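Structure assessment
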Amino acid sequence: MTFGGNMKKNLIEELRWRGMLHDLMPHTEEQLQKEMTTGYIGFDPTASSLHIGNLVQIMLLKHLQLAGHKPIALVGGATGMIGDPSGKSAERQMLSEETLQKNIDGVRKQLANFLDFDCGENSAELLNNYDWFKDFNLLQFLREVGKHITVNYMMAKDSVKNRLESGISFTEFSYQLFQGYDFYWLYKNKNCKLQMGGSDQWGNMTTGSELIRRKDSGEAYVVTSHLITKSDGTKFGKSEQGNVWLDPKMTSPYKFYQFWLNVDDKDLPKLLRFFTLFSKEEIENWEKEYATNPNALKKILAEDVTRRVHSEEALKEAQKASDLLFGKSTWTDFENTEEALLQEVFDALPPQCVKTFSTTDFESFATNYDLISQVMNTSKGDIRRLVKDNGISINKDKVTHTQGDAKPEYKFLKDKYLLLQKGKKEYFVVIIEN
RNA sequence: GGGGAGAUUCCAGAGCGGCCAAAUGGGAAGGACUGUAAAUCCUUUGUCUUACGACUUCGCAGGUUCGAAUCCUGCUCUCCCCA
C-alpha cells in the first residue's frame, strides 16, 4: 500500500485524529493510497497578508506534503477579482486592481514560507490562477465551462441559495465556475486530482470535480476541513485589534505569541491538533502531564506556532519581551536589565506603542494627561476614565488623578525610557532622544 | 418605467417636535477575582472640561419653528414588489 516507497502517513487518518476532517468524496482514500497525488488549495488575496484562519488551510497542504503527496498553493489573482459569495450575507466591495496586486504579492510570499519547494518529486508549487484566466475570453469561457454546468446545479449550492433573498450579483454567482475551472486546469496541466479547503468551500469545490467529470470523464476528489471556531462560538483569530495576521508588520511576533498564550483553555485540545505538527502521542502525553496546568500547554502551542510562522529568533524575542513585560516584573527588574535586551524587548512591541520624543518635546507636555493621551493615541476623556479606574501606570506606578494634572516628572529608565501601561497587558514606551 | 420600505452613535436596533449625546442588546476598554484563562461582578463607551457645563453628532443640502434625530422640500444611496 505504498507508492514510490516514500509514503510516510495516511493523510486522511492524520486529519481524522486531529479532528480536522470534515468531509470527503468517496474513494478519496483509495486515490491517496494508490499513488503520489497532487492536491491544491486556493487562497483569495482579499488582504495583503494571510491570517490565522488561513493557517488551517496551510496546515492541510503541509500534511498533504508530509504524507508524501504534492501540494499546490494557488493564489486567486483571478477569483479575487470576482468575490466568493460563500459565507457572505451581502455583496462584497470589489478591490481595486492595484490593491489586488499588492495583496497577491503579499500572500504569495507568505505561502512560500510554509511548504518545501525543494524536496524532489513532491516539491510544492505556487501558482496564480490569473495566469490562465487572463487570456481566456468570455465566449470561450461560456462555451468551455458554462456549457457543462447547469444553472440549476449552481443554484442548489448553499452559498447561492442563502443569497437568493438578499440578492446576489451575476459576478459572485459565477464564482464557483471560476474556482471549478481552476480545478479543471490543474487537473489537465498538473495532474492535480485533489482539492482541499474549509467546509464552507464544499460547494465551490464539488463544482470543479463535476466539471472534470463532465468535460473529461475524469475523477477528482475533494476533502474539506472543519472551520476553526472558538468554544464560545465567536470567530477564531480575532484579537482586540482585529485579525491576527501572519505578516510581522501587521501583527508583531510578540503580539502573535501573546495571542496563543491567551487562548481559551477549552480550545486548547483543538488548537494543539490543528496548528502544531506534533504527533498524537506527544500531544496526548502533554495533555496528561499538564492536565492541571493549561498554561504549560499554551506555551507549547504558542512556541511552536510562532516558530513556524515567524522564526526561532522572533520567538526568542517575543518570549524575552513576554517574560519582562508580564509576570511579576517590577521596576527594579527593568532597571537591572541590560540596555541591549531592553531595546530588543521594546522592538518587539507593536510599532504604534513606541514613541520617540526629544527632550524639548517632552518638556512641552503640560500635564501627564497630555502626555498619556498623546502616547496612547486616545482622547483625554478616555485617559481620565482609565485613570479613575486605576488603569494607567507609568514606570509600574499607578497614576492617580492628582498626578494626572501635574507636569510629567520622572526618573527615566536608563536615562531615556519611560514605561507606560494601559491595563495590565498593554505596554507603551516613550524614548527620549537628544 | 411604476409602487413601497428604509438610511440613527463600533454593530444590531429603539426614538418620531422639547426631559436626546439619544433606550436596549452585542462588541470593546478598565477594574475586582484568577492562571497573561474562562465564568461572574462593577465601571466606562462623541469631543473638550477642575463631570458644573460647553461644543459637534442621527445619509447629504436647504427650510419651517423659540426649539428638530423627529415636520417640509430637494438630492444621494440601499432593499422589496410590479412592468
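Preceding block: the structure.
Residues numbered from 1 in each chain as written. Chains lettered and ligands numbered in written order. Predicted model: local features only at pLDDT ≥ 70, side-chain atom pairs only at ≥ 80, totals over all residues. Heavy atoms only, no water.

Notes on the state of the cysteines
Formally: Here, the term disulfide refers to a pair of cysteine sulfur atoms separated by no more than 2.5 Å. A 1.4 Å probe rolled over the protein chains alone gives each residue an accessible area, and that area as a share of the maximum for its type sets the label: buried under 20%, exposed over 50%, partly exposed in between.
Enumeration according to the criterion identifies 0 disulfides in this entry. With no disulfide of its own, C119 lies 16 Å from the sulfur of C192, the closest cysteine sulfur. By relative accessible area, C119 is classed as partly exposed at 28%. For C192, a relative accessible area of 0% translates into the label buried.

Remarks on the protein's contact with RNA strand B
Stated formally: Any residue with a heavy atom positioned within 4 Å of a molecule or strand is treated as near that molecule or strand. Contacts described as polar in this section are N or O atom pairs within 3.5 Å, which, within protein, must combine one atom able to donate a hydrogen with one able to accept it, while residues neighboring in sequence count only if both atoms come from side chains. Secondary structure follows DSSP: runs of H or I at least 4 residues long count as helices, runs of E at least 2 residues long count as strands, and numbering of each begins at the N terminus. All residues other than Ala, Val, Leu, Ile, Met, Phe, Trp, Tyr, Cys, Pro, Asp, Glu, Lys and Arg, Gly among them, are scored as polar; the first ten of these are nonpolar and the last four charged.
The environment of RNA strand B is made up of 29 residues, and the closest members are Q258, N262, D265, R385 and K388. Of all atoms in RNA strand B that approach within 4 Å of the protein, 68% are sugar or phosphate atoms. D265 has a polar side-chain atom sitting 2.6 Å from a base nitrogen of RNA strand B. Broken down by secondary-structure element, the contributors of at least two residues to the surface near RNA strand B are α12 (253-261), α15 (294-309) and α21 (380-388). It is α21 that provides the largest number of residues to the surface near RNA strand B, a total of 6 residues. Looking at the surface near RNA strand B residue by residue, the classes come out as 5 nonpolar, 10 polar and 14 charged.

Focus: empty space enclosed by the protein
The following threshold applies: Cavities and pockets are found on a 1 Å grid laid over the protein atoms alone: a cavity is a set of points where a 1.4 Å probe fits but cannot escape, a pocket is an open set with protein on both sides within 12 Å along at least five of seven lines, and a lining residue has an atom within 4 Å of such a point. Grid points are joined across faces, edges and corners, and a volume is the space filled by probe spheres set on the points.
Per the stated rule, a full pass over the model turns up 1 cavity of 30 Å³ or more. Reported here for the largest cavity is a volume of approximately 30 Å³. Forming the boundary of the largest cavity are Y254, K255, L349, P350, C353, K425, E426 and Y427. At the level of elements, α12 and β13 (426-433) are the ones that each hand at least two residues to the lining of the largest cavity. Of the residues in the lining of the largest cavity, the class split is 5 nonpolar, no polar and 3 charged.

What to know about the sheet that holds strand β5 (residues 192-198)
Defined as follows: Two strands qualify as a pair provided that DSSP identifies no fewer than 2 bridges between them. All axes here are fitted lines through C-alpha atoms, helices being fitted over the stretch that makes contact, and every angle between N-to-C directions spans 0 to 180 degrees.
With mixed pairing, 6 strands are arranged side by side in an open sheet as β1-β6-β5-β2-β3-β4. With one partner strand each, in any of the chains shown, β1 (21-24) and β4 (125-128) form the two edges of the open sheet. With direction set aside, neighbouring strand axes in the sheet form an average angle of 25°. Of the strand pairs in this sheet, β1 and strand β6 (residues 221-225) are connected by 3 bridges, and their pairing is antiparallel. Counterpart to L24 in the pairing with β6 is V223.

These figures come from the coordinates and say nothing about function on their own.
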